[in-house]
Amino acid sequence: MSGFDDRKKGQESKFAHDQEMEFKISVRRNKLLGAWAAELMGKTGEEAEVYTKEVIISDMEEKGDEDVFRKIRGDLDAQNIEMSDHRIRRQMEELMSVAREQILSGK
């Protein structure tokens, strides 16, 4: 029975680790996305950092990426910055890949 319990604990640990990594990757993507949107809106320095944190926090509203998308979409619209939904979503995808690479490589 000990071997079964050890294997079960190992699988549970791996699952927890994988979930933690996915969370870190999402946070990193949102940070990169916030910086991208801040630049589009002409925010720099502390203002850009505050905005980036707002984007990260916006991801806590609901499961998935729609809350982050709505935040970016609404903020770009409020600043009269023309950007298609497709381009925003594409940027989200591209930055998810960048974030994954950064986190998995320890950057």
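Remember, it's a predicted structure, so these values are computed and weren't measured experimentally.

### What about the overall build of the protein chain?
- Helix and strand counts for the protein chain stand at four helices and zero strands.
- In sequence order, the protein chain lays out its α and β elements as α-α-α-α.
- A compact globule built from 107 residues would reach a C-alpha radius of gyration of about 13 Å, whereas the protein chain, at 17 Å, exceeds it by more than 25%.
- The principal-axis extent of the C-alpha atoms belonging to the protein chain is close to 65 × 25 × 20 Å.

### Considerations on the environment of Asp 59
- The residue Asp 59 is located in the loop between α2 (45–58) and α3 (66–78) in this model.
- In this structure Asp 59 comes out as buried when scored by relative accessible area, which is 15%.
- Separated by ten residues in the primary sequence, Asp 59 and Phe 69 have C-alpha atoms spaced 9.0 Å apart.
- For Asp 59, the contacting residues outside a window of four places in its chain are Ser 26, Asn 30, Gly 64, Asp 67 and Val 68.

### Section: the layout of surface pockets
- Empty space within the largest pocket amounts to approximately 230 Å³.
- Glu 22, Phe 23, Ser 26, Asp 59 and Gly 64 are, among the 13 residues lining the largest pocket, the residues nearest its centre.
- It is helix α1 (residues 2–40) that contributes the most residues to the lining of the largest pocket, five residues altogether.
- Residues belonging to the lining of the largest pocket are distributed by class as follows: five nonpolar, three polar and five charged.

Scoring rules and cut-offs
Residues numbered from 1 in each chain as written. Predicted model: local features only at pLDDT ≥ 70, side-chain atom pairs only at ≥ 80, totals over all residues. Heavy atoms only, no water. Helix = DSSP H or I, 4+ residues; strand = E, 2+ residues; numbered from the N terminus. Rg over C-alpha atoms; globule rule 2.2 N^0.38 Å. Buried < 20%, exposed > 50% of the residue type's maximum accessible area, 1.4 Å probe, protein only. Contact = heavy atoms within 4.5 Å. 1 Å grid on protein atoms, 1.4 Å probe; cavity = no way out; pocket = protein on both sides within 12 Å on 5 of 7 lines; lining within 4 Å. Points joined across faces, edges and corners; volume = space filled by probe spheres on them. Nonpolar A, V, L, I, M, F, W, Y, C, P; charged D, E, K, R; others polar.

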